[in-house]
Structures are given as C-alpha cells and as structure tokens.
Amino acid sequence: MWRVLASQTSVHSGAAVATTLFPLAGAAGVVSLRLLIGAALLVAVGRPRLRGYTSRQWLLVGVFGAVLAGMNLAFYVAIARMPIGPVVTLEVLGPLTLSVITARRRVAWLWALLALGGVALLGSGGFDQLDPIGVGCAFLAGTAWAGYIMLSARAGANFPKRDGLTLAMLVAAVLALPAGLLGAGGALLDPRVLALGAAVAVLSSVLPYTFELSALRLLPTSTFAVLMSLGPAIAALAGFVLLGQELHPAQIAAIGLVVAASAGVVLWKDAAATA
C-alpha cells in the first residue's frame, strides 16, 4: 500500500516543483524537459528494442506518444493557472468516465453523478474564479489520461516489457520539444532549470513508475485502483505543503466527492465481477 501512496506523493510533488520553474521556462518548457529527461532515463534503464516492429506497432507508438505529449502539456498549463488539487480533481474525471462507460451498467452512472456533484461544488463560486483556460486544460488532460490508459494496455500487449511506453515517451519528447524551445528558448540550458527539470522528471516519471510496477506485483488490481483514486486529495495536500495553496471548504468537499466516486466505481466493478 505504501508504494502506491509513495507513487502518488511523488507525482504530485513533482508537479509542485514544476510550478516553480514556470516563471523561468514556462509550462511548455517544463513539459519538454520532463519528457526529454524522463525518456532518456527510461531508455537507459529499459534499453528498448528498436527493430522488428510492424508499421501498425509504430503507428500505435506514434499515437501513444502524441497523447502523452498532449496530456502533459494540458496538465502543466492547467497547474500554471490553478492550484494543483482542483486541477487533478477535474483531470481524474477522464479515467472515472472511462470506468463508468466500461462498466456497462446503469447503476454505475450513480457514481458519475456523485462526481458531477463534486464538480458543481468545485465551481460553486463560478468556474471563472478557477480560470476558464485552466479548467478547460484540466478536462483536456483528463480526456487524454483516459486515452493513455487504453493505449497503455494496447502497448503492453503489443510490445515486450515496457518498450511501448519507452518508445512513446521518446515520441512525446520529440513532439513537445518545438513548443518548449519556442516558449523557453535558451532558458532550457540554464543549470538551475536543468537541475529542477531533472528533479521533476524523476519525481513525476521514474519514481512513480518504479513504485507502481512494484505495487502491481503485490496488490490486487482493485486495491491498487482505489489507492490511486486518492490522487486529488494527495495533490491538494502537496499544493498546500509545498506551495502554500490553500483551498476553501467547498473545494475540499468537492475533492472528497470525486475521490469517493472514483473509489466507489472501482469497488462496485470489483464486487460485480465476483458476484
């Protein structure tokens, strides 16, 4: 259990560190650094095979990489404009919706309604107070996250080890680089930016990947998924502790509703499958 919690803490701590880089390199620059350094580390550790794949496999890698690049860019633009907790709360609606749809039972939509209640509560003071662009990017990141889940499963089935993910990360890094260079330019070579960018890559990619892989070997999938649903709460805590981002009681309650909905749909699907 501690491995999943450590993974979530690492991911959202990495996002908090990333926000300190925005004044220096911008959201696109930070995304470029994270993907480049993360891809380099995954290549060094995994040593993926580059030959012997079909055109369909390479197409899968290309689409997967494009989704990864879009997901990260949308998420970082969102946290540049809004506190991390609300962003992750809106983002997690993507995977939650995917879970509800794949359940294929009407009762699953009750959990979706609970999550929508959380979103309504989150915007009770007006979504314009949360920043419209930030809200839109958070929703976009959530949609891409749902796509990432489906493509990750396909990559796992079509590539040995984690080669599909590693190659997709390389594609994502290449796709994000032009936007990073345009937004940050020479700032990407600043020693401080490079050092913090490496920290973001390790916290947001390398450590979570290591912890989650280990956790999946030890925990039932349903337990793992429930613990992952704590993401919005952990993100809010990371934003408060590391960045001093305070939330109103209504926002805290909204995060609680979305966490409950995410955990509930997982537990309900697991109970339905074993019935």
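Attention here is on the structure that accompanies the text. The structure displayed is predicted, hence computed values, not measured ones.

## Examining the overall build of the protein chain
Step number 1: Looking only at helices and strands, the protein chain features eleven helices and zero strands.
Step number 2: The proportion of buried residues among the 275 residues of the protein chain is 46%.
Step number 3: Counted over contacts in the protein chain with a minimum sequence separation of 6, partners at least 24 positions apart contribute 88%.
Step number 4: Of the accessible surface of the protein chain, which amounts to about 13,000 Å², a share of 69% is contributed by carbon and sulfur atoms.

## What about helix 10 (residues 231–243)?
Step number 1: The end-to-end C-alpha distance of helix 10 is 17 Å, a good match for the 18 Å that 13 residues give at a rise of 1.5 Å each.
Step number 2: Considered for burial, the residues of helix 10 that qualify are Gly231, Pro232, Ile234, Ala235, Ala236, Ala238 and Gly239.
Step number 3: Glycine 244 sits one or two positions beyond helix 10 and adopts a positive phi of about 70°.

## Some remarks on the packing of helix 2 (residues 55–81) against helix 6 (residues 132–158)
Step number 1: Running from N to C, helix 2 and helix 6 point in directions that differ by 150°, and their axes come no closer than 8 Å. Taken together, the axis directions place helix 2 and helix 6 in an arrangement best described as roughly antiparallel. Of the two elements, helix 2 crosses helix 6, and the hand of that crossing is left-handed.

## Focus on the packing of aromatic side chains
Step number 1: What the rule picks out here adds up to five aromatic pairs.
Step number 2: An angle of 80° between the planes, with centres 5.6 Å apart, marks the rings of tyrosine 53 and tryptophan 58 as edge-to-face.
Step number 3: Of the residues examined, tyrosine 53 reaches a relative accessible area of 10% and is grouped as buried.
Step number 4: Through successive ring pairs, a cluster of aromatic residues spans Phe22, Phe75 and Tyr76.

## Thoughts on unusual backbone geometry
Step number 1: Notably, lysine 161 is not glycine yet its phi reads approximately 50°, a positive angle.
Step number 2: As for its placement among the helices and strands, lysine 161 is situated in the loop between helix 6 and helix 7 (163–184).
Step number 3: We classify lysine 161 as exposed; its relative accessible area is 63%.

## Concerning helix 7
Working note: α-helix, 3.6 residues per turn, so residues spaced by three or four point in the same direction.
Step number 1: For helix 7, built from 22 residues, the straight-helix expectation of 32 Å at 1.5 Å per residue is met to within 8% by its first-to-last C-alpha distance of 30 Å.
Step number 2: Taking the largest bend as the criterion, helix 7 deviates by roughly 35°, centred on leucine 177, and proline proline 178 comes between one and four positions later.
Step number 3: Three or more residues of helix 7 are buried, namely Asp163, Gly164, Leu165, Thr166, Leu167, Ala168, Met169, Ala172, Ala173, Ala176, Gly180 and Ala184.

## Overview of the nonpolar core
Step number 1: One finds Leu68, Phe75 and Tyr76 to be the most contacted residues of the largest nonpolar core, which totals 63 residues.
Step number 2: Among the elements that line this core, the one with the most residues is helix 1 (residues 2–46), at 13 residues.
Step number 3: Ignoring any residue separated from it by four or fewer positions in sequence, one finds tyrosine 76 in contact with Ala18, Phe22, Ala27, Val30, Val31, Arg34, Val200 and Ser204.

What counts, and where the lines are drawn
Residues numbered from 1 in each chain as written. Predicted model: local features only at pLDDT ≥ 70, side-chain atom pairs only at ≥ 80, totals over all residues. Heavy atoms only, no water. Helix = DSSP H or I, 4+ residues; strand = E, 2+ residues; numbered from the N terminus. Buried < 20%, exposed > 50% of the residue type's maximum accessible area, 1.4 Å probe, protein only. Contact = heavy atoms within 4.5 Å. Areas by Shrake-Rupley, 256 points an atom, 1.4 Å probe, with all protein chains shown as cover. Expected span 1.5 Å × (residues − 1). Axes fitted to C-alpha atoms, helices over the stretch in contact; angles between N-to-C directions. Parallel < 35°, antiparallel > 145°, perpendicular 65-115°, else oblique. Left-handed = near helix turned anticlockwise from the far one by under 90°. Phe/Tyr/Trp six-rings, centres within 6.5 Å; stacked < 30°, edge-to-face > 60°. Bend = angle between axes of the 7 residues up to and from the residue. Core = buried A, V, L, I, M, F, W, Y, C linked by side-chain atoms within 4.5 Å.

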